[in-house]
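Structural overview
Given next are the chains, with one letter for each unit.
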Amino acid sequence: MHYDTFLLGVNSFLNYIEGKNIKVLVLKGIGLASYYPDPRNREFGDFDIYTFDHHSLVNKLIKEKGIYIKYDNTHDEFDFSNIHIEHHNFFVSNYSKVSRKVNSYLLRVASKGTKKDSNGLYYPPPDFNVVYLMRHLTKHLTGEGVTLRQIIDWGLFLKKDGNNIDWERVTPIIQNMRMDIIHNVITAISEIVLDLDLSKYFIGEKNSTLIEKTINVIFGTELHREEKYSFLPRLILKSKRFISHYWMYSSGLIPDKFFTEYFVWSFKEHISDPSQI
């Protein structure tokens, strides 16, 4: 979706909930567009938001407008003024020990330090995004695939805001979450794609083997390719993709447990919503 069209939808949503004293925190998306030389060059998909203690109130207001809401554990979804809004219950999927640590950390940071723009939107600080963006990207890596836009987002974020991150505080937190390996891999790939020197933002040593394997996965994945098949072939293809990602967990690239956390969560998600298969 184009930047200007997206903004019209965002402003329409904000005008609708105006006067309710609702704090709307923007997750990725429009908040990352400012890192681009021209924000209009960044394509937009969903409008991801977190409304703190007003989640139920926002959903109530949306329902009063006669808009259908699809409820989910991580985020509820609805369409408003030509944009698709993902209204987060949690910042990231809350299925593993690491993801629970991430959500706890992000809530602490978001509750203390956000900045408000002229439209009334709130944006998280760099100490939030350095964990959130990577964890969100990790989910895509193990699922439908990572886009070039996400790699560019990460590289530009570090280029423009890397010096504003409190690395002395954040580094041990990232290491405790065991996200330092994926952090280094994606940072290295962003260096290659954008021809940047991001070396000061690595945490420990780079793993060249994992970098090469991850590059092959990212640029060798056809996004949503299974969707064009009927149910049974689609199920087989998705199962093969799922199993092929086991190395990401066994190598430590992904900090979650493959069987007891990721597999169990994925199985429950697909049983509760077969349309995801």
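Details of the structure are given in the entry above.
The structure reproduced in this document is the subject of the present report. (Residues numbered from 1 in each chain as written. Predicted model: local features only at pLDDT ≥ 70, side-chain atom pairs only at ≥ 80, totals over all residues. Heavy atoms only, no water.)

Observations concerning a positive patch on the surface
A cluster of basic residues, Lys97, Arg100, Arg178 and Lys257, forms a positive patch at the surface. For Arg100, the position within the fold is in helix H4 (residues 97-112). (Patch = residues over 30% accessible without salt bridge, like charges linked within 9 Å, V, L, I, M, F, W, Y side chains within 5 Å. Areas by Shrake-Rupley, 256 points an atom, 1.4 Å probe, with all protein chains shown as cover. Salt bridge = Lys/Arg side-chain N within 4 Å of Asp/Glu carboxyl O. Lys, Arg positive; Asp, Glu negative; His and termini not counted. Charge placed at Lys NZ, Arg CZ, Asp CG, Glu CD. Helix = DSSP H or I, 4+ residues; strand = E, 2+ residues; numbered from the N terminus.)

Description of unusual backbone geometry
With a phi angle near 60 degrees, Asn21 is a residue other than glycine that sits in the positive phi range. Tracing the sequence through the fold places Asn21 in the loop between helix H1 (3-17) and strand E1 (24-27). A positive phi angle, near 50 degrees, is found at Ser81, a position not held by glycine. Relative to the assigned elements, Ser81 resides in the loop between strand E3 (75-80) and strand E4 (83-88).

Quick word on the nonpolar core
Within the largest apolar cluster, 61 residues are counted, with the highest numbers of intra-cluster contacts made by Phe91, Val130, Val131, Leu141 and Ile186. For this core, the element with the most residues is helix H5 (residues 126-142), which contributes 8 residues. Contacts of Phe91, omitting those with residues within four sequence positions, involve Leu25, Leu27, Tyr50, Asn103, Leu106, Leu107, Ala110, Phe128 and Tyr132. Listed in part, the 26 residues of the second largest apolar core include Leu7, Leu14, Leu61 and Ile67. (Core = buried A, V, L, I, M, F, W, Y, C linked by side-chain atoms within 4.5 Å. Buried < 20%, exposed > 50% of the residue type's maximum accessible area, 1.4 Å probe, protein only. Contact = heavy atoms within 4.5 Å.)

Section: the pattern of salt bridges
Counting across every chain of the model gives 7 salt bridges. Among the salt bridges present, the one from Asp4 reaches Arg40, with a minimum N-O distance of 3.3 Å. Taken together, the residues span a long stretch of sequence, with Asp4 in helix H1 and Arg40 in the loop between helix H2 (30-33) and strand E2 (47-50) at a distance of 36 residues. For Asp4, a relative accessible area of 34% corresponds to the partly exposed category. You can call Arg40 partly exposed: its relative accessible area is 42%. The salt bridge involving Asp48 is made with Lys28; its shortest N-O contact spans 3.1 Å. Within this pair, whereas Asp48 is found in strand E2, its partner Lys28 is found in the loop between E1 and H2, the two being separated by 20 residues in sequence. Here Asp48 and Lys28 have matching classes, each one buried.

Concerning helix H7 (residues 167-176)
Listed in full, the buried residues belonging to H7 are Trp167, Val170, Thr171, Ile173 and Ile174. Its buried side turned inward, H7 meets H4, H5, helix H6 (148-161) and helix H8 (180-194).

Looking at the side chain of His87
Relative to the helices and strands, His87 is located in strand E4. For His87, the side chain forms a polar contact with the side chain of Thr51, separated by 2.7 Å. The residues touching His87, leaving out its near neighbours within four places in the chain, are Ile49, Thr51, His55, Val58, Asn59, His75, Asp76 and Phe78. (Polar contact = N/O pair within 3.5 Å; in protein donor to acceptor, adjacent residues only side chain to side chain.)

Notes on the side chain of Asp161
Position of Asp161 among the secondary structure elements: in helix H6. Since its relative accessible area comes to 14%, Asp161 is described here as buried. A distance of 2.7 Å separates the side chain of Asp161 from the side chain of Tyr35, its partner in a polar contact. For Asp161, the contacting residues outside a window of four places in its chain are Tyr35 and Pro126.

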